[in-house]
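Structural description and commentary
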Amino acid sequence: MSEWKTVSIRQELVKEIEKILRTGRYRSISEFVSEAIRLRLEELMRAEGIPASKREELLAIPEQLLYTPKHTWAQITPEGNIRVGVSDYAQRHLKGIANVMTESVGKEVAKMEPFGVIETWMFMFDLYSPVSGKIVKVNENLKDKPYLINEDPYGEGWIVEIKPKNSLTLEEELKSLLSSREYNKWVSKLEGRLRE
Amino acid sequence: MLLKGWVYLTEKALQVRKLPPCRAACPAHVNVQAYVALIQRGKFKEAVEVIRKDLPFPAICGRVCFSPCEDACARVNLDQAVAIRALKRLVADIEREQGRVVAQPVPKKYSEKVAIIGAGPAGLTAAYELAKLGYPVTVFERMDEPGGMMRYCIPDFRLEKFVVSNEIAYIKDLGVEIKTSVEFGKDITIESLKNEGYKAIFIAIGTQIGLKLNVPGEDLEGVINAVDFLKAVALGRKITVGERVAVIGGGNTAIDAARTAKKLGAKEVMILYRRSREEMPALPHEVELAEKDGIKFYFLVAPKRIIGENGRVKAVECLRMRLGEPDESGRRRPIPIAFSEHQYDVDMVIPALGQTVETSVLPPELLSKEKRGPPLQVDPLTLETNIPGVFAGGDVATGPASIIEAVAAGKRAAVSIHRYLRGEDLRKDREEEAVEETTWVKDWRLLEKKERRYEPPIEKPHLSFEEARAYLEKLKRQARFEAFRCLGCGPCAECLAGMDLCEGDKAVVDEGKCVGCNVCAVVCPVGAIKKNEKGVAQVNEDACKGCGLCAARCPEQAISMKKLSNEQILDMVLTALAR
């Protein structure tokens, strides 16, 4: 059961909101206000003042990984392959995950080209490769338990391992990926775009 | 209420359940009006709950049901039926899209074990209903995975496998045990189950054997029955599809087989059917999709023989047909035209003429002595067989039918088994199965035309997360618009779940005004109003759900809806909490 609170707003603000209402994006003043409060709270939580532990609860973005703007992460395994999965932000949008389909082992993939699809109950989400190379391993556990991605997006929920083409291009490609800080910024920006 | 209708008063009308046309047409009587009303109010989750009361497979039926509810929808008289199936699919999908759905296990109230043979829609529904009542239920399945024809005979492009798995996982969550790779007639028999302590058995093995063509050349290489073909594809076996494929038959299985063959790479696929398009049992919607896939239809042709070369199929020789008088099924009987032989060059033939029961696995005492008619003798009302404690239903008793009919059979079996185990009369008050349509709409000219606002996407869109969120909101809005097309023509949505569709008022009769016309008693969906000995309507306050129909219908305006007093509301809350 959700709690109810009474909120009063200033008259001139109401006029502003009514203007926005006319564009048809929101149906009522209360809907607009509650949305605004929700976003403001999220913003506050994300701001500097929040302790690190609580921020991690909000969105886990491990620092040692590299990210693409399409929400896949890359990690170098001891064998020198690149392990690829989706980020926590992506996982939050994949609650209704039904199927993970990837190109089969041995297939060549290029950087920022789709190498597979995550199918949810209503949508398809393309998976973009962080590097170019050849797929050498596919996480077979995901076939029966696709929800592993939700439970452990950075561990058990990895999707494929890619053997990079050669070390020279790899270095360049890795450099162009986002660090955890940059990715965090990018996610905030996306959320902000939603807000508009 | 928008309009006041006129209701005929008959003695019979007082005894049968009065349902809206959609719900009356549904074999499982899913409460369509209630969930559409909930969708109108944006209560998608509650809508799925209402569907699950009558049907364990909202997502499956939202995809492949033949939707008799839409054919019956009162809006057909005006413009077009409400998109009931699409709405059902949408609410079921949205629920799953927001996270895995896990059911709470139901505590075992009774100790009598129930065995169900066959994990198809009939068996699983019976298991679902019995588990909800509190029985320990075990389902035995021959294949490696449960789901029956839903998993093995409906191709992936119509019903995804994960949908079937998820719906079955929900039934398992309730506490149903499913044992796979157990063959009835071999690993288990009725005797062995009874020795193991199962007090009731429900046989729902369906129809597994595809009917034969009975023409020469049927044993050639390249002839494969539609059921076996679809099963092999679903199991992921390697199947080499011919370049030119002929599917024989006009049912849904024929269409499925043809479309599957096309998707597997056949260059040309044709469907040969001995009657004309109007008589095809396949759904018109599916036929259109098949045509879009480029499948050719040849009507009024029947195979005479299959011609082979080196043991492989080379061609089918067919006879042309004309249509004669209607037969017992109401369709016009095809009559062959003499000397009309012609050939189709094909290298694969898929007969899809219907299915029959695998009688070899059934104990002989269950089989019917008569050659004609169904192979199993089953009481159509109670689903009893001639062995006490053994029930049978679904396709095995009726012949190949649809998922929703199997669900209805499963529900019926669950009621019978519950009564049998509790020592109650199996037949008493089963007449409530008799239902009658009621609708208040009489004058269609007064209603406004509205075209359908929501069509389900044929293919899932590829989107980014941000786009998906916006798209989902758009779909929800469209669905609500579509739900508002519902006329609410039935007596009452009967959501009966405190879902605040109504205001919680109760009907109060002004005895001075009542003339005893009985209209209120007829319209009351829950039978809460009766005439007393003085000839005045009397309301049973406990039964009254406050839908307000009687007040809207009363010609003398003798009935009003009164708000409950605070004490009464407190009382209701306390009793609800005590439960």
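Each chain has its residues counted from 1, running along the sequence as written. Chain A is the first chain written and ligand 1 is the first ligand written, with later ones labelled in order. Only residues with pLDDT of at least 70 are given local features in this predicted model, and only at 80 or more are side-chain atom pairs given and counted; all residues enter the totals for whole chains, interfaces and linings. Hydrogens and waters are ignored; side-chain quantities use all the structure's heavy atoms.

1. Regarding the overall build of chain B
Helices and strands together make up the secondary structure of chain B, namely 19 helices and 21 strands. Only protein chains enter the accessibility calculation, which uses a 1.4 Å probe; a residue whose area is less than 20% of its type maximum is buried, one above 50% is exposed, and one in between is partly exposed. Looking at chain B residue by residue over its 579 residues, the buried ones come to 54%. Numbering of helices and strands starts at the N terminus; helices are DSSP runs of H or I of at least 4 residues and strands are runs of E of at least 2.

2. Regarding the interface of chain B and chain A
Contact between two residues is taken to exist if any of their heavy atoms lie within 4.5 Å; hydrogens are not considered. The partner chain A presents 24 residues to the 27 residues of chain B that form the contact. By convention, the term buried area covers the 1.4 Å-probe accessible surface removed from two parts as they join, with the contributions of both added. Both faces combined, the contact of chain B with chain A buries some 2400 Å², and carbon together with sulfur accounts for 63% of it. Each salt bridge in this description consists of a side-chain nitrogen of Lys or Arg and a carboxyl oxygen of Asp or Glu lying within 4 Å of one another. In this structure, Lys460 of chain B and Glu119 of chain A form a salt bridge, with 2.6 Å as the shortest nitrogen-oxygen distance. Nitrogen and oxygen atoms within 3.5 Å of one another constitute a polar contact, given that in protein one can donate a hydrogen and the other can accept it, and given that sequence-neighbouring residues count only through two side-chain atoms. Between chain B and chain A we count 11 residue pairs in polar contact (both at pLDDT 80 or more) in total.

3. A look at the sheet that holds strand S5 (residues 198–203) of chain B
All names here are of chain B. The strand order across the open sheet formed by 5 strands is S4-S3-S2-S5-S16, and the pairing between neighbours is parallel. Taken across any chain shown, the strands that pair with only one partner, and hence form the sheet edges, are strand S4 (177–179) and strand S16 (390–392). Between one strand axis and the next, the sheet turns by 20° as a mean value, whatever way the strands run. In this sheet, S16 lies alongside S5 in parallel orientation, the contact comprising 3 bridges. Paired with Phe202 across the bridge in S16 is Phe391. Angles shown run from 0 to 180 degrees and are taken between the N-to-C directions of axes, each axis being a line fitted to C-alpha atoms and, for helices, limited to the stretch in contact. Taken strand by strand, helix H7 (residues 121–133) contacts strand S2 (113–117), strand S3 (137–140), S4 and S5, and its axis lies near 165° from that of S2. Across the sheet, helix H15 (residues 403–421) is in contact with S2, S5 and S16; its angle to S5 comes to roughly 160°. Criterion used throughout: strands pair if DSSP finds at least two bridges between them.

4. As for unusual backbone geometry
Residues and elements named next belong to chain B. Phi at Asn214 is positive, roughly 60°, even though this residue is not glycine. The residue Asn214 is located in the loop between strand S6 (209–210) and helix H11 (226–234) in this model. Accessibility expressed as a relative area gives 68% for Asn214, which makes it exposed.

5. Quick notes on the packing of helix H3 (residues 44–54) of chain B against helix H6 (residues 84–97) of chain B
Residue and element names in this part refer to chain B. Interhelical geometry of H3 versus H6 gives an angle of 115° and a closest axis separation of 9 Å. One element, H3, and the other, H6, form an angle in the roughly perpendicular class. As H3 packs across H6, the resulting crossing turns out to be left-handed. Across the interface between the two elements, Phe44, Ala47, Val48, Ile51 and Arg52 of H3 pack against Lys88, Val91, Ala92, Ile94, Glu95 and Arg96 of H6. For classification purposes, angles smaller than 35 degrees are called roughly parallel, those larger than 145 roughly antiparallel, those between 65 and 115 roughly perpendicular, and all remaining angles oblique. Crossings are classed by handedness, with left-handed meaning an anticlockwise turn of the near helix from the far one by less than a right angle and right-handed meaning a clockwise turn.

6. Details of the sheet that holds strand S6 (residues 114–120) of chain A
Picture the strands of a sheet paired through backbone hydrogen bonds; they go either parallel or antiparallel. All names here are of chain A. Strand order across the open sheet formed by 3 strands is S4-S6-S7, with antiparallel pairing between neighbours. With partners counted over all chains shown, the strands left at the sheet margins are strand S4 (97–102) and strand S7 (124–128), one partner each. Ignoring strand direction, the axes of neighbouring strands in this sheet form an average angle of 20°. In this sheet, S7 lies alongside S6 in antiparallel orientation, the contact comprising 5 bridges. Paired with Pro114 across the two strands is Tyr128, which belongs to S7.

7. Side note on the confidence of the model for chain B
Residue and element names in this part refer to chain B. Confidence in the prediction for chain B averages 85 pLDDT; 87% of positions are at 70 or higher. For the stretch residues 1–15, pLDDT sits under 50, and the model shows 25 contacts to residues farther than four places along the chain or on other chains. pLDDT runs from 0 to 100 and stands for how confident the predictor is about each residue. Below pLDDT 50 for its whole length, residues 496–500 participates in 8 contacts with residues either more than four positions away or in separate chains. Overall fold confidence for the complex sits at a pTM of 0.80, while the interface term, ipTM, reaches 0.74.

8. Some details on the confidence of the model for chain A
Residues and elements named next belong to chain A. Counting all residues, the mean pLDDT for chain A is 81, and 82% of those residues have values of 70 or more. Across chain A, element-level confidence peaks in S7 with a mean pLDDT of 93 and bottoms out in helix H3 (residues 52–58) with 48. Note that residues 52–57 has pLDDT below 50 and, in this model, 6 contacts with residues that lie over four places away or in other chains.

9. Here we look at the packing of aromatic side chains
Two aromatic rings are characterised by how far apart their centres lie and by the angle between their planes. In summary, the pairing rule links any two rings of Phe, Tyr or Trp, Trp by its six-membered ring, whose centres are within 6.5 Å, and it sorts them by plane angle into stacked for under 30 degrees, edge-to-face for over 60 and tilted for everything else. This model, assessed by the stated rule, comprises 12 aromatic pairs over all chains. Centre to centre, the rings of Phe123 of chain A and Phe125 of chain A are 6.0 Å apart; their planes meet at 55°, and the pair counts as tilted. Put simply, the rings of Tyr89, Phe123 and Phe125 of chain A together with Phe465 and Tyr471 of chain B touch in pairs and so form one group of aromatic residues. Here, a charge over a ring means that NZ of Lys or CZ of Arg falls within 6 Å of the ring centre while also lying within 35 degrees of the ring normal. One residue, Lys70 of chain A, lies across the ring of Tyr128 of chain A, its end atom 5.0 Å from the ring centre. Here the guanidinium or amino end of Arg52 of chain B rests over the ring plane of Tyr170 of chain B, the centre of that ring lying 4.1 Å away.

10. A word on the pattern of salt bridges
All chains considered together, the criterion is met by 40 salt bridges over all chains. Across the salt bridge formed by Asp256 of chain B and Arg158 of chain B, the nearest N and O atoms sit 2.8 Å from each other. Here Asp256 of chain B is found in helix H12 (residues 252–263), whereas its partner Arg158 of chain B is found in the loop between helix H8 (149–152) and helix H9 (161–173), with 98 residues between them in sequence. A relative accessible area of 4% places Asp256 of chain B in the buried class. With a relative accessible area of 13%, Arg158 of chain B lands in the buried category. What emerges from the salt-bridge pattern is a single network uniting Glu119 of chain A together with Arg63, Arg89, Asp93, Glu160 and Lys460 of chain B.

11. Here's the deal with helix H13 (residues 284–292) of chain B
All names here are of chain B. Residues of H13 that are buried: Glu286, Val287, Leu289 and Ala290. Looking straight down H13, one finds its buried side chains confined to an arc of 160°; they lie on one side. Of the residues in H13, the exposed ones pointing more than 90 degrees away from the buried face are Pro284 and Lys292. Of the surrounding secondary structure, the elements contacted by the buried residues of H13 are H12 and strand S9 (296–299). Phi turns positive one or two residues past the end of H13, at Gly294, with a value near 90°. To obtain the arc, one takes the directions from the helix axis to the C-beta atoms.

12. Concerning the nonpolar core
Membership of the largest hydrophobic core comes to 124 residues, with the highest contact counts inside it found for Ile118 and Ile159 of chain A together with Tyr35, Ile39, Ile60, Ile116 and Phe202 of chain B. For this core, the element with the highest residue contribution is H15 of chain B, accounting for 9 residues. The criterion is simple. A nonpolar core is a set of buried Ala, Val, Leu, Ile, Met, Phe, Trp, Tyr and Cys residues joined through side-chain atoms within 4.5 Å. If you look at the next biggest cluster of nonpolar residues, it comprises 26 residues, including Phe229, Met280, Val287 and Ile295 of chain B.

13. Quick word on the environment of Asp93 of chain B
Mapped onto the fold, Asp93 of chain B is located in helix H6. Taking C-alpha positions, Asp93 of chain B is 18 Å from Phe66 of chain B, a pair spaced 27 residues apart along the chain. The contacts of Asp93 of chain B, once residues within four sequence positions are left out, are Trp121 and Met122 of chain A together with Ala59 and Arg63 of chain B.

14. Observations regarding the packing of H12 of chain B against H13 of chain B
Residues and elements named next belong to chain B. Direction vectors running N to C along H12 and H13 enclose 20°, while the axes themselves pass 10 Å from each other. With respect to H13, the element H12 is oriented roughly parallel. Here H12 and H13 pass one another in a crossing that is left-handed. Of H13, the residues touching H12 (which contributes Asn252, Ile255 and Arg259) are Glu286, Val287, Leu289 and Ala290. Class assignment for the residues of the contact of H12 with H13 results in 4 nonpolar, 1 polar and 2 charged. Charged residues are taken to be Asp, Glu, Lys and Arg, nonpolar residues to be Ala, Val, Leu, Ile, Met, Phe, Trp, Tyr, Cys and Pro, and polar residues to be all remaining types, Gly included.

15. Observations concerning the side chain of Arg75 of chain B
Residues and elements named next belong to chain B. Topologically, Arg75 is positioned in the loop between helix H5 (68–72) and H6. The class for Arg75 is buried, based on a relative accessible area of 3%. Setting aside residues no more than four positions away along its own chain, Arg75 makes contact with Gln80, Ala81, Val82, Glu448, Lys449, Lys450, Arg485 and Leu487.

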